[in-house]
2 protein chains.
Amino acid sequence: MAEFDLIEHIRARTRHARGDVLLGIGDDAALLQPAPGMQLVACTDTLNVGVHFPEHTAPAALGWKALAVNLSDLAAMGAEPAWALLALSLPAPDTAFVAELAAGFAQLAARHEVALIGGDTTRGPLSLTVTALGQIPPGAALLRSGARVGDAVLVTGTLGDAAAGLALAQGKLSGVVAADEAFLRRRLDQPEPRVAAGLALRGLATACIDISDGLLADLGHVCTASGVGAEIELGALPLSAALSATMTRAQAQALALSGGDEYELCFCVAPAQVEAALARVQAAGCMARVIGRIVATSGVRVIDAQQGRGFEPTRRGYEHFA
Amino acid sequence: MAEFDLIEHIRARTRHARGDVLLGIGDDAALLQPAPGMQLVACTDTLNVGVHFPEHTAPAALGWKALAVNLSDLAAMGAEPAWALLALSLPAPDTAFVAELAAGFAQLAARHEVALIGGDTTRGPLSLTVTALGQIPPGAALLRSGARVGDAVLVTGTLGDAAAGLALAQGKLSGVVAADEAFLRRRLDQPEPRVAAGLALRGLATACIDISDGLLADLGHVCTASGVGAEIELGALPLSAALSATMTRAQAQALALSGGDEYELCFCVAPAQVEAALARVQAAGCMARVIGRIVATSGVRVIDAQQGRGFEPTRRGYEHFA
């Protein structure tokens, strides 16, 4: 009865009481009571071994990250997360592995009051697919399509850290101070979805996206959806102290432009709203910074103001199957 | 840009207009308008290559089945399906494969007015995870936990066909008439989720489950959740003409008892409601049949009335990791 045993391990470790969960794990489907008048926000994202994470990643980090990447999508919509489902494929019924994975998932879920309401446990190469469901008042959702010429472009947090964390995990970066290494690897393994910042940007941001494929690629999606272009100021990219201490400024900027797996928010606001947006995001517990502006000419360009010229990045983002 | 190309293939082939989809594929998450006063029903199920289907299964069948197994879970709750998300892992960006898969998915989705509202396309061993969302009025959901001693146990359709279809696909069964083979393989590859039957059973069935692990295993889940037991009458198991023509009666009954992947509904009704349930399910376009009764003694027993004794099945159901 190993399958039911695994599900029980997951259920026991992810109990989170929400009054709107009428029936959680254990029947053919879950039964939920949406809040009256609210709209539903839904997304799903997969993490596959060897593609999204190396084979010996700590199971707690996997559980955390599989939920985090989905909560990040809800955050980019300005939605309040509520419920999640986890489809887990495992090569063998390793209960210790599943218990740790569930604990990592539960740690992040509890922080955002998300209830795990269902899932599936099957045999197969290690893979996690989470579906996250959130709620939002009508008209409040932050879309990719609302950016207007003249808007400021901002990002939360710092950029390039997760890419450096990956380089460390792959042994491509060495001689890094232990505390910096720990910071950068945590940024890769345990990203903090910017849920509070997304909520704070309701009614302010004209467009929003989370940075999963890299800043240039994701801002490019916003520009395409909005029918505009953008200019990014190279010197304005927010770099963490750990990243700056670990490599040259040019290397750090390159990672900040194209590194994936960041899960920071990139958003646009009208110029008159920049101060309000900065204050609200800060009140929500994270930093934001203006990094550029929306322009009429399509495409995303990087400007190096110090050199007084454009800058051509060598890599524009992460692309599956590329 | 192969990933976006694949998503576009899927989107183009699965367009289904629903007024309650405010934002479908293309942003960080989908935006939905739940019907006022309704409860939400959610489930997720994965199909992995080499585990749930052999490597060279037709992609259209995969797309159909990945949705079908989830709609079957909604059907078992008595829910009306509304929306679905598809997380697809592929070893390589094969656009023809994806187009066929999306077409198979769309064929079933259109039949049940389900909109594909989001998903993820990633690199990895072939795997499909669908999350299905449906709606139901408060108090109407069919649970596993409501069976009472004295209730009749019924099933929709016929049993054992998908197991025979699998035996055919694996070359373990031969000499079968072409029309019977086609029927049995279609029962495996393109199961019809009993959505209309589930809707028809609202207010009538005391408990309901879909048969994915096999009748004995799934009825066992109902008994455990309800704190009861069940007796099944061997001679009452509904067998298709194709199955009966293909093997001995004893072989067919063995498949009907323990064959997985059936996606018929097994449900319980009070004795006074049996006629009404049979009529309503028939009006919903499928057959149902009484196969046994709920008893106080825990466990599921099979009775061979012709032989006047109990019957011990050799295999009780499908278990991952067993």
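Scoring rules and cut-offs
Residues numbered from 1 in each chain as written. Chains lettered and ligands numbered in written order. Predicted model: local features only at pLDDT ≥ 70, side-chain atom pairs only at ≥ 80, totals over all residues. Helix = DSSP H or I, 4+ residues; strand = E, 2+ residues; numbered from the N terminus. Rg over C-alpha atoms; globule rule 2.2 N^0.38 Å. Buried ≥ 20, exposed ≤ 12 C-beta atoms within 10 Å, placed from the backbone. Contact = placed C-beta atoms within 7 Å. Pairing = 2+ DSSP bridges. Axes fitted to C-alpha atoms, helices over the stretch in contact; angles between N-to-C directions. Least-squares fit on C-alpha atoms with pLDDT ≥ 70 in both. Nonpolar A, V, L, I, M, F, W, Y, C, P; charged D, E, K, R; others polar. Parallel < 35°, antiparallel > 145°, perpendicular 65-115°, else oblique. Expected span 1.5 Å × (residues − 1). pLDDT = per-residue confidence, 0-100. Domains from an automatic or database assignment.

**Q** Requested: an account of the overall build of chain A, with residues and values cited.
**A** For chain A, the count of helices and strands is 10 helices and 13 strands. At 20 Å, chain A has a C-alpha radius of gyration in line with the 20 Å of a compact globule built from 322 residues. Referenced to the eigenvectors of the C-alpha coordinate spread, the extents of chain A come out at roughly 65 × 50 × 35 Å. Within chain A, buried positions represent 56% of all 322 residues. Partitioning the contacts of chain A with sequence separation of at least 6, the portion at a separation of at least 24 is 87%.

**Q** Help me get a handle on the sheet that holds strand β13 (residues 309-311) of chain A, residues and values and all.
**A** Hydrogen bonds between backbone groups are what pair the strands of a sheet, and the pairing can be parallel or antiparallel. Residues and elements named next belong to chain A. A sheet is described by the order of its strands in space; here 7 strands give the open sequence β8-β10-β7-β11-β9-β12-β13, paired in mixed fashion. Pairing within the sheet leaves two strands with one partner each, and these edge strands are β8 (207-210) and β13. Here the average twist between neighbouring strands, direction ignored, is 30°. Packed on one face of the sheet, helix α7 (residues 215-226) meets β7 (152-156), β8, β9 (229-233), β10 (265-269) and β12 (299-304) and runs near 145° to β8.

**Q** Tell me about the relation of the copies chain A and chain B, and name the residues and values.
**A** Superposition of the two copies of the chain requires a rotation about an axis and a shift along the axis. Least-squares fitting of chain A to chain B yields an RMSD of 0.0 Å, with the superposition described by an axial translation of 0.0 Å and a rotation of 180°. Such values leave the two copies arranged in the relation of a two-fold axis.

**Q** How would you explain unusual backbone geometry if you had to name every residue and give the values?
**A** Despite not being glycine, Y263 of chain A has its phi angle at roughly 60°, a positive value. Inspection of the secondary structure puts Y263 of chain A in the loop between α9 (249-258) and β10. In this structure Y263 of chain A comes out as buried when scored by C-beta crowding, with 24 C-beta atoms within 10 Å. Positive phi, normally seen in glycine, also occurs at D261 of chain B, with a value near 65°. Mapped onto the secondary structure, D261 of chain B falls in the loop between α9 (249-258) and β10 (265-269).

**Q** A description of the interface of chain A and chain B should follow, citing residues and the corresponding values.
**A** Between chain A and chain B, the residue contacts involve 55 residues of the former and 54 residues of the latter. Take the side of chain A that touches chain B: its biggest share by element is 9 residues, from strand β3 (residues 39-48) of chain A. Residues of the side of chain A that touches chain B, tallied by class, amount to 30 nonpolar, 15 polar and 10 charged. As paired elements, β3 of chain A and strand β2 (residues 30-32) of chain B share 3 bridges and run antiparallel to each other. Residue pairing across strands places V41 of chain A opposite L31 of chain B, the latter belonging to β2 of chain B.

**Q** Give a detailed account of the packing of helix α4 (residues 161-169) of chain B against helix α5 (residues 178-189) of chain B, specifying residues and quantitative values.
**A** All names here are of chain B. Here α4 crosses α5 at 105°, and the two axes come no closer than 7 Å. By the angle between their directions, the pair α4 and α5 is classed as roughly perpendicular. On the side of α4, the interface is formed by D161, A162, A164, G165, L166, L168 and A169, while α5 contributes E181, L184, R185, R187 and L188. For the contact of α4 with α5, the residue count by class is 7 nonpolar, 1 polar and 4 charged.

**Q** For the sheet that holds strand β5 (residues 115-123) of chain B, give the residues involved together with the corresponding values.
**A** The strand order across the open sheet built from 6 strands is β1(A)-β2(A)-β3(B)-β6(B)-β4(B)-β5(B), with neighbouring strands paired in mixed fashion. Both edges of this open sheet fall to β1 (21-23) of chain A together with β5 of chain B, since each of them pairs with a single strand only. Each strand axis lies, on average, 20° off the axis of its neighbour in the sheet, ignoring direction. With 8 bridges joining them, strand β4 (residues 80-90) of chain B and β5 of chain B adopt parallel strand pairing. Across the sheet, residue A87 of chain B finds its bridge partner in β5 of chain B, namely D120 of chain B.

**Q** I'd love a proper account of α7 of chain A, names of residues and values included.
**A** Residues and elements named next belong to chain A. For α7, which comprises 12 residues, the first-to-last C-alpha distance of 16 Å matches the rise-based estimate of 16 Å (1.5 Å per residue) to within 8%. By the criterion of burial, α7 is predominantly enclosed, with 10 of the 12 residues buried. Within α7, burial applies to L215, L216, A217, D218, L219, G220, H221, V222, C223 and S226. In this structure, the buried side of α7 is in contact with β7, β8, β9, α9, β10 and β12. G227, located one to two residues past α7, shows a positive phi value of around 70°.

**Q** Provide a residue-level description of the confidence of the model for chain A, including the pertinent values.
**A** Predicted coordinates in areas of low pLDDT are best not read in detail. Across chain A, the average pLDDT comes to 93, with 96% of residues at or above 70. Listed scores for the predicted complex are pTM 0.94 and ipTM 0.93.

**Q** So what's going on with α4 of chain B? Which residues, and what values?
**A** All names here are of chain B. Within α4, 7 of the 9 residues are buried, leaving the element largely enclosed by the surrounding structure. All of the buried residues in α4 are D161, A162, A163, A164, G165, L166 and A167. Elements in contact with the buried residues of α4: α5, α8 (241-246) and α9. Of the residues trailing α4, G171 is marked for its positive phi of about 70°.

**Q** Kindly report on the domain arrangement of chain A, identifying the contributing residues and their values.
**A** You'll often see interface size given as the accessible area lost when the parts meet. Residue and element names in this part refer to chain A. With domains assigned, chain A is organised as domain 1 (2-136) and domain 2 (152-311). Summarising the inter-unit geometry, the C-alpha centres of domain 1 and domain 2 are found 26 Å apart. For the side of domain 1 that touches domain 2, the elements supplying multiple residues, two or more each, are α2 (59-77) and β4 (80-90). Here the side of domain 1 that touches domain 2 gets 12 residues from one element, more than from any other, and that element is α2. In terms of residue class, the side of domain 1 that touches domain 2 is built from 11 nonpolar, 3 polar and 3 charged.

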